[in-house]
Amino acid sequence: MSIQFLQQLAQSSDKEIVAIAREEGFDITTSEVKKLRPYLEQFTFSWLFLGIPKDILVEVEAVLGRKRSRQLIALFTK
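Conventions we followed
- Within each chain, residue numbers correspond to sequence positions counted from 1 in written order.
- Local features in this predicted model are restricted to residues whose pLDDT is 70 or higher, and side-chain atom pairs enter the listing and the counts only when it is 80 or higher, whereas totals over whole chains, interfaces and linings include all residues.
- Note that the side-chain values use all heavy atoms of the structure and ignore hydrogens as well as water.
- Among the buried residues, those of types Ala, Val, Leu, Ile, Met, Phe, Trp, Tyr and Cys that are joined through side-chain atoms within 4.5 Å form a nonpolar core.
- For every residue, the accessible area obtained with a 1.4 Å probe (protein chains only) is divided by the maximum for its type, and the residue is called buried under 20%, exposed over 50%, and partly exposed between those limits.
- A run of H or I in DSSP becomes a helix once it reaches four residues, and a run of E becomes a strand once it reaches two; helices and strands are each numbered from the N terminus.
- Any two residues whose heavy atoms approach within 4.5 Å at even a single point are treated as in contact.
- Any helix carries an expected span of 1.5 Å times its number of residues minus one.
- UniProt positions are given in the numbering used here, feature names are shortened, and annotations may be inferred rather than shown by experiment.
- Here, a salt bridge means any side-chain nitrogen of Lys or Arg that lies within 4 Å of a carboxyl oxygen of Asp or Glu.
- The criterion for an aromatic pair is that two Phe, Tyr or Trp rings (for Trp, the six-membered ring) have centres within 6.5 Å, with stacked assigned to planes under 30 degrees apart, edge-to-face to planes over 60 apart and tilted to the rest.

A. Spatial organisation of the nonpolar core. Counting residues in each nonpolar core, the largest one holds 18 residues, and the members touching the most others are L9, F26, I28, L36, V60, L64 and L72. Among the elements of the structure, α1 (3-11), α2 (14-23), α3 (30-41), α5 (54-64) and α6 (66-76) are those that each provide at least two residues to this core. With residues up to four places along the chain from it excluded, the contact list for L64 reads F26, I28, E32, L36, S69 and L72.

Written out as structure tokens, the structure is:
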């Protein structure tokens, strides 16, 4: 996953993110996107090398559930 793509996501509307996710085979609602947006905005370059912080992963799992959160993370680690 490129930094440019993550920056594009951060600048996209909630509806655009839903459409992008669906193109990748991941169903997400606009309300879920709204809940997850703060974590997208916290993204730092170090996450590419060190991984996503555990506290962020816990929050994502609280929103999406374990299975869907793992699917979402897998999309970002392609």
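B. Region of the structure containing α3. Taking 1.5 Å per residue, twelve residues should reach 16 Å; α3 reaches 16 Å between its end C-alpha atoms and fits that length. For α3, every residue scored as buried is listed here: E32, V33, L36, R37, Y39 and L40.

C. Region of the structure containing the UniProt feature "domain: Nif11" (unreviewed entry) in the protein chain. In the numbering used here, UniProt assigns the feature "domain: Nif11" (unreviewed entry) to residues 4-32. Annotation note: span residues 4-32, helix share 72%, strand share 0%, distance between end C-alpha atoms 22 Å.

D. Seen up close, the pattern of salt bridges. Counted according to the given criterion, the structure contains five salt bridges. A salt bridge links E32 to R68; the shortest N-O distance between them is 2.8 Å. Here the residue E32 occupies a position in helix α3, and R68 occupies one in helix α6, the gap between them amounting to 36 residues. Judged by relative accessible area, which is 13%, E32 ranks as buried. Here E61 and R66 are joined by a salt bridge, their closest N and O atoms 3.8 Å apart. One connected set of salt bridges, linked through shared partners, spans D14, K34 and R37.

E. The packing of aromatic side chains, seen in detail. For the structure on display, the rule yields two aromatic pairs. Their ring planes at 85° and their centres at 5.5 Å tell us that F43 and W47 sit as a pair that is edge-to-face. For F43, a relative accessible area of 22% gives the class partly exposed. Consider the rings of F45 and F49, whose centres lie 5.2 Å apart with planes at 70°: the pair is edge-to-face. Residue classification places F49 among the exposed positions, given a relative accessible area of 62%.

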